[in-house]
Amino acid sequence: MGAHYMQRLINFFIIISVCVAFQLQAKETETIKVAKEPRKLYERDHYLYELLDKALKAADATYDYEHVTVHPHQQRTLMALSSGKVDLHWSMTSPDREQIAIAIPVPLFKGYIGKRAIMVKKERLTQFAELKSVEQLKAFTAVQGHDWPDTKILAYNNLPIKPLSNYQAMFKLLAAGRVDYFPRSFIEVNSELEENPDKFVLLPDVYLEYPTAFYFFVNKAKPQLADDLKRGLNKLKNSGEFDALFSRYFEKDLARLSMYQPDKAINLKNPYFNAE
């Protein structure tokens, strides 16, 4: 009888210990609020979500995710980071943005965000036949987001720009002939052409290029999250998993742009970027 009672007591303490362990683990699992734009998700979005998850796991950091719908304007989303409405987002970097939140200085798109195919209306392709320099490009007007870092970069290089706040309206403006071209990154442009079949083409013999990077940005009140993310991303880079994931998502799209060799680039200056 005594042995039976002791075994029941041991079992009881085991159950209590397991429950306490689960409670402690639950307390240690922090929920981070990840910004989500109110639009359909593209492959590049799925890549970033998967990269985020892999990086935090590589850092042995346990987080739950809550997706918070944010304003579609980039600067408004970055401001949501500073106010604490969200804890994490991703964006092209700029000095202003790096003041608002903690930038994790690992280029998520490996520099391809600064390689810009020149999208034009199909009927106007011949008007760009002789384009080879920044000076020649000044005869044309680009459309860009009003709060995009790219807009400041083009302006710094004295290129005419029509800034807009609505992403879809930029394609409508291009289709209507009210602007001449729309520079789009190698990461984005193929999916955008597929969404606008038979409307637009890419200039085959020239593209824009400027130094820049696309980073994860973290709320300044979450330094541990920033440390975990940076550590995890560097582990993925060192192990080769970062490159493997990037290739899985973008190898085919980049192969479709293989005609763009360095000698075809119109290089723009970007004083708003310091590579680390």
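A brief structural summary.

Conventions we followed
- Residues numbered from 1 in each chain as written.
- Predicted model: local features only at pLDDT ≥ 70, side-chain atom pairs only at ≥ 80, totals over all residues.
- Heavy atoms only, no water.
- Pairing = 2+ DSSP bridges.
- Helix = DSSP H or I, 4+ residues; strand = E, 2+ residues; numbered from the N terminus.
- Axes fitted to C-alpha atoms, helices over the stretch in contact; angles between N-to-C directions.
- Contact = heavy atoms within 4.5 Å.
- 1 Å grid on protein atoms, 1.4 Å probe; cavity = no way out; pocket = protein on both sides within 12 Å on 5 of 7 lines; lining within 4 Å.
- Points joined across faces, edges and corners; volume = space filled by probe spheres on them.
- Nonpolar A, V, L, I, M, F, W, Y, C, P; charged D, E, K, R; others polar.
- Phe/Tyr/Trp six-rings, centres within 6.5 Å; stacked < 30°, edge-to-face > 60°.
- Buried < 20%, exposed > 50% of the residue type's maximum accessible area, 1.4 Å probe, protein only.
- Lys NZ or Arg CZ within 6 Å of the ring centre and 35° of its normal.

## Quick look at the sheet that holds strand β9 (residues 200–209)
Each strand in a sheet pairs with its neighbour through backbone hydrogen bonds, running either in the same direction (parallel) or in the opposite one (antiparallel).
Alright, step 1. Strand order across the open sheet formed by four strands is β8-β5-β9-β11, with mixed pairing between neighbours. The open sheet has two edge strands with one neighbour each: β8 (182–185) and β11 (265–267). Here the strands of the sheet are splayed against their neighbours by 40° on average, with no regard to which way each runs.
Alright, step 2. Looking at chain direction, β9 and β11 are connected through three bridges and run parallel. Bridge pairing in β11 links Glu-209 to Asn-267.
Alright, step 3. The strands touched by helix α7 (residues 167–175) are β5 (115–121), β8 and β9; relative to β5, the strand with the most contacts, the crossing angle is about 50°.

## Points about empty space enclosed by the protein
Rolled over the atoms, a probe with the dimensions of a water molecule shows which regions are left empty.
Alright, step 1. This structure, assessed with the given rule, holds one cavity of 30 Å³ or more.
Alright, step 2. Size it by volume and the largest cavity reaches roughly 60 Å³.
Alright, step 3. Counting residues per element, the ones that place at least two in the lining of the largest cavity are β1 (30–36), α2 (43–58) and β3 (88–92).
Alright, step 4. Residue composition of the lining of the largest cavity, by class: four nonpolar, one polar and five charged.

## Focus on the packing of aromatic side chains
Alright, step 1. Counted under the stated rule, the structure contains 21 aromatic pairs.
Alright, step 2. Relative to Phe-140, the ring of Phe-128 lies with its centre 4.3 Å away and its plane at 25°, an arrangement referred to as stacked. Placement of Phe-128 in the loop between β5 and α5 (134–137) and of Phe-140 in the loop between α5 and β6 (142–145) is noted, with a sequence separation of twelve residues between them.
Alright, step 3. A residue is classified by how much of its surface remains accessible, and Phe-128, at 4% relative accessible area, is buried.
Alright, step 4. Looking at Phe-140, the relative accessible area reads 13%, which means it is buried.
Alright, step 5. Considering the side-chain rings of Phe-186 and Tyr-207, the 5.5 Å spacing of their centres and the 55° angle between planes classify their relative orientation as tilted. Of this pair, Phe-186 sits in the loop between β8 and α8 (189–195) while Tyr-207 sits in strand β9, and the two are 21 residues apart along the sequence. Like Tyr-207, Phe-186 is buried.
Alright, step 6. Among the aromatic side chains, those forming a connected cluster through ring pairs are Tyr-47, Phe-109, Tyr-112, Phe-214, Phe-246, Tyr-249 and Phe-250.
Alright, step 7. One residue, Arg-44, lies across the ring of Tyr-42, its end atom 4.3 Å from the ring centre.

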